[in-house]
Amino acid sequence: MTHSTEQRIRMKAYEIWLREGCPDGSEHRHWEMAKKFIAGEEAKSALTSRFFETPETEEDAPVPGDMPTVKGKAGKARKH
């Protein structure tokens, strides 16, 4: 577990503790809840980044005018 991930878990566990009214003796449960939440966020982020990779530089980004033209249902050309 990286320092960044541990810090995110710590902050989420604290948020859960506050939301539950600051109960004593729930540290382990809050930590486990936070770990699961952060793991889910990180997994979602990893999957999303695989499908929606961002260009390295602005030069690599597509230019709106360069978008392909596709014929619609009525046979008219439209831009995507």
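To be clear, the structure that these remarks concern was listed above.
Source: prediction; values computed, not measured. (Residues numbered from 1 in each chain as written. Predicted model: local features only at pLDDT ≥ 70, side-chain atom pairs only at ≥ 80, totals over all residues. Heavy atoms only, no water.)

Things to note about the nonpolar core
- Within the largest apolar cluster, five residues are counted, these being Ile9, Ala13, Ile16, Ala34 and Ile38.
- Elements represented by at least two residues in this core include exactly α1 (3–19) and α2 (27–51).
- A per-element tally of this core places α1 first, with three residues.
- With near-sequence residues (within four places) excluded, alanine 13 lies in contact with His30, Trp31 and Ala34. (Core = buried A, V, L, I, M, F, W, Y, C linked by side-chain atoms within 4.5 Å. Buried < 20%, exposed > 50% of the residue type's maximum accessible area, 1.4 Å probe, protein only. Helix = DSSP H or I, 4+ residues; strand = E, 2+ residues; numbered from the N terminus. Contact = heavy atoms within 4.5 Å.)

Describing the packing of aromatic side chains
- Within the structure shown, the criterion is met by one aromatic pair.
- Residue placement shows lysine 12 over the ring face of phenylalanine 37; its charged tip is 4.0 Å from the ring centre. (Phe/Tyr/Trp six-rings, centres within 6.5 Å; stacked < 30°, edge-to-face > 60°. Lys NZ or Arg CZ within 6 Å of the ring centre and 35° of its normal.)

Topic: the environment of glutamate 15
- Positionally, glutamate 15 belongs in helix α1.
- Assessed through its relative accessible area of 37%, glutamate 15 is described here as partly exposed.
- As a C-alpha pair, glutamate 15 and alanine 34 span 19 residues in sequence and 9.0 Å in three-dimensional space.
- Separated by 2.9 Å, the side chains of glutamate 15 and lysine 12 make a polar contact. (Polar contact = N/O pair within 3.5 Å; in protein donor to acceptor, adjacent residues only side chain to side chain.)

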